[in-house]
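Summary of the model geometry
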Amino acid sequence: MAFEPAYLSLLLSGELKRRVEEAYRRLEQCDICPRECGVNRRQGELGTCRTGEQAVISSYGPHFGEEAPLVGVGGSGTVFFTHCNLHCQFCQNYEISQMGEGRPIEPEQLAAVFLGLQERGCHNINLVSPSHVVPQILAALLIAAEAGLRLPLVYNTGGYDSLKTLQLLDGVVDIYMPDMKYADADAAKRYSKVDNYPSVNQAAVKEMHRQVGDLFCDSRGIALRGLLVRHLVLSEGLAGTGEIARFLAASISTNTYINVMGQYRPCYKAHELPPLNRRVTRDEYDQAVNLVRKAGLDRLDERTARWILR
Ligand code: SF4
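This write-up is about the structure you can find in this document. (Residues numbered from 1 in each chain as written. Predicted model: local features only at pLDDT ≥ 70, side-chain atom pairs only at ≥ 80, totals over all residues. Heavy atoms only, no water.)

**Looking at the environment of Ser59**
The condition is simple: Secondary structure elements follow DSSP: runs of H or I of four or more residues count as helices, runs of E of two or more count as strands, with numbering from the N terminus.
Checked against the element boundaries, Ser59 lands in strand S1 (residues 55-63). Remark: the alpha-carbon pair of Ser59 and Tyr94, spanning 35 residues in sequence, is separated by 14 Å.

Here is the structure:
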């Protein structure tokens, strides 16, 4: 049977339109993400994410550097949203996430971007840093789906997401790709300037998995639906890899698809924050992968496996 994205039935029932309206109402006293700033973004007030009523994007296009199940032959149709609800002091994209590089975009234009990526043969619409612009994404999706968008949406998030907002995405998003950055709240506060990251993140990942289940791919190995977790290894075990892996195995599924990322390099303010002022060593990376496997997870992104075999 041909693939149908989750949002199609919500479009046909009128529920997608209702979700857009509800999401925009919530911008008036913004609680779109767990920071719950309470500002009226529709009146131009700005909260921690520095984004008003309009979404801002920095770039878009087919991307071939993402996880294998997203890339296939046509690439992942990536849209980079400007600003972020996290303030990671080592962000590799800090010009976009922290300095605000990008241009405002109306939902009609964003819908045209989605449709253009479909036209170019991408396998999905990959929404990078979407947590603070969910209403604008839903509005664009409504327009694009009416005009023929049929690709699955990838919600590619730093993992600091509100349950109330994730419920707006239930039946809309097919592929959730959250980061699990820290198992320790103090480390999250120090390095990403955020409160309660581990508890918020773990609750969000549970809800994502409840909605879409384990990652499911077609016969070509291209992801259609499910959960794909990203975990960036930090030096001296700061990311809490073992604890995160044990959480995934015990509370989500031992069949969780995980990308254990070893490409950390110091960016933005990381040079002032030892031990984040250096790359992770091969030993640190190997130890992290061993902890993941020891927890019972063996569905690692293939680039991880290549790294281990080198
Ligand atoms: S989306 Fe932005 S304004 Fe709204 S609660 Fe989160 S950080 Fe604050």
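**Concerning the pattern of salt bridges**
Here is the rule we go by: The term salt bridge refers to a side-chain nitrogen of Lys or Arg lying within 4 Å of a carboxyl oxygen of Asp or Glu. For every residue, the accessible area obtained with a 1.4 Å probe (protein chains only) is divided by the maximum for its type, and the residue is called buried under 20%, exposed over 50%, and partly exposed between those limits.
Under the defined criterion, the tally for this structure stands at 18 salt bridges. The salt bridge involving Glu28 is made with Arg42; its shortest N-O contact spans 3.4 Å. With Glu28 in the loop between helix H2 (15-26) and S1 and Arg42 in the loop between H2 and S1, the pair connects residues that are 14 residues apart, well separated along the chain. Judged by its relative accessible area of 39%, Glu28 is partly exposed. Where Asp179 meets Lys181, a salt bridge forms, and the shortest distance between an N and an O atom there is 3.1 Å. Pair check on accessibility: Asp179 and Lys181 agree, each one buried. Ionic contacts of the salt-bridge type, sharing partners, join the residues Glu15, Arg18, Arg19 and Glu22 into one network.

**Side note on the site of the ligand**
Let me state the cut-off plainly: For each residue, the test is whether any non-hydrogen atom lies within 4 Å of the molecule or strand; if one does, the residue is near. By the convention adopted, Pro, Cys, Tyr, Trp, Phe, Met, Ile, Leu, Val and Ala count as nonpolar, Lys, Arg, Asp and Glu as charged, and the other residues, Gly among them, as polar.
The environment of the ligand is made up of Cys30, Ile32, Cys33, Arg35, Glu36, Cys37, Val39, Arg41, Gly47, Thr48, Cys49 and His132. Class assignment of the residues belonging to the shell around the ligand gives a composition of 6 nonpolar, 3 polar and 3 charged.

**Quick word on the packing of aromatic side chains**
Test applied: Centres within 6.5 Å make a pair out of two Phe, Tyr or Trp rings, where for Trp the six-membered ring is used; the pair is then stacked when the planes are under 30 degrees apart, edge-to-face when over 60, and tilted otherwise.
Counted under the stated rule, the structure contains 5 aromatic pairs. On the numbers, 6.2 Å between centres and 10° between planes, the contact of Tyr160 with Tyr197 is stacked. With Tyr160 in the loop between strand S5 (153-157) and helix H7 (163-168) and Tyr197 in helix H9 (residues 197-212), this pair connects stretches of sequence that are 37 residues apart. Tyr197 shares its class with Tyr160; the two are buried. For the ring pair Tyr182 and Tyr197, a centre distance of 5.7 Å and an interplane angle of 90° mean the geometry is edge-to-face. With Tyr182 in the loop between strand S6 (175-178) and helix H8 (185-192) and Tyr197 in helix H9, this pair connects stretches of sequence that are 15 residues apart. Relative accessible area serves as the criterion here: at 0%, Tyr197 is assigned to the buried category. Connected via pairs of aromatic rings, a cluster forms that spans Tyr160, Tyr182 and Tyr197.

**A closer look at the environment of Gly47**
To keep it simple, the criterion reads: Throughout, a residue-residue contact means that at least one pair of heavy atoms, one from each residue, lies within 4.5 Å.
The residue Gly47 is located in the loop between H2 and S1 in this model. Residue classification places Gly47 among the buried residues on the basis of a relative accessible area of 10%. The sequence separation of Gly47 and Asn85 amounts to 38 residues, and the corresponding C-alpha distance is 9.3 Å. Filtering out sequence-adjacent residues up to four positions away, Gly47 remains in contact with Cys37 and Val39.

**Here we look at the pairing of strand S4 (residues 125-128)**
This is how the line gets drawn: Here a strand pair is declared whenever DSSP counts at least two bridges between the two strands.
Side chains Ile125 and Leu127 project from S4 onto one buried face, and the interleaved Asn126 and Val128 project onto a second face that is buried too. Both strand S2 (residues 76-81) and S4 contribute to a ladder of 4 bridges, which runs parallel. For Phe80, the partnering residue across the bridge sits in S4 and is Val128. Note: S4 against S5, 4 bridges, orientation parallel. Paired with Ile125 across the two strands is Leu153, which belongs to S5.

**Quick word on the side chain of Gln211**
Just so we agree on the cut-off: Counting of polar contacts relies on pairs of N or O atoms within 3.5 Å, with two restrictions inside protein: one atom must be capable of donating a hydrogen and the other of accepting it, and residues adjacent in sequence are counted only when both atoms are side-chain atoms.
One can find Gln211 in helix H9. Gln211 sits in the buried class, given a relative accessible area of 8%. For Gln211, the side chain forms a polar contact with the main-chain oxygen of Leu166, separated by 3.0 Å. Within polar-contact distance, the side chain of Gln211 engages the side chain of Glu207 at 2.8 Å. When near neighbours in sequence (up to four residues on either side) are disregarded, Gln211 contacts Leu166, Gln167, Leu169, Asp170, Gly171, Tyr176 and Arg225.

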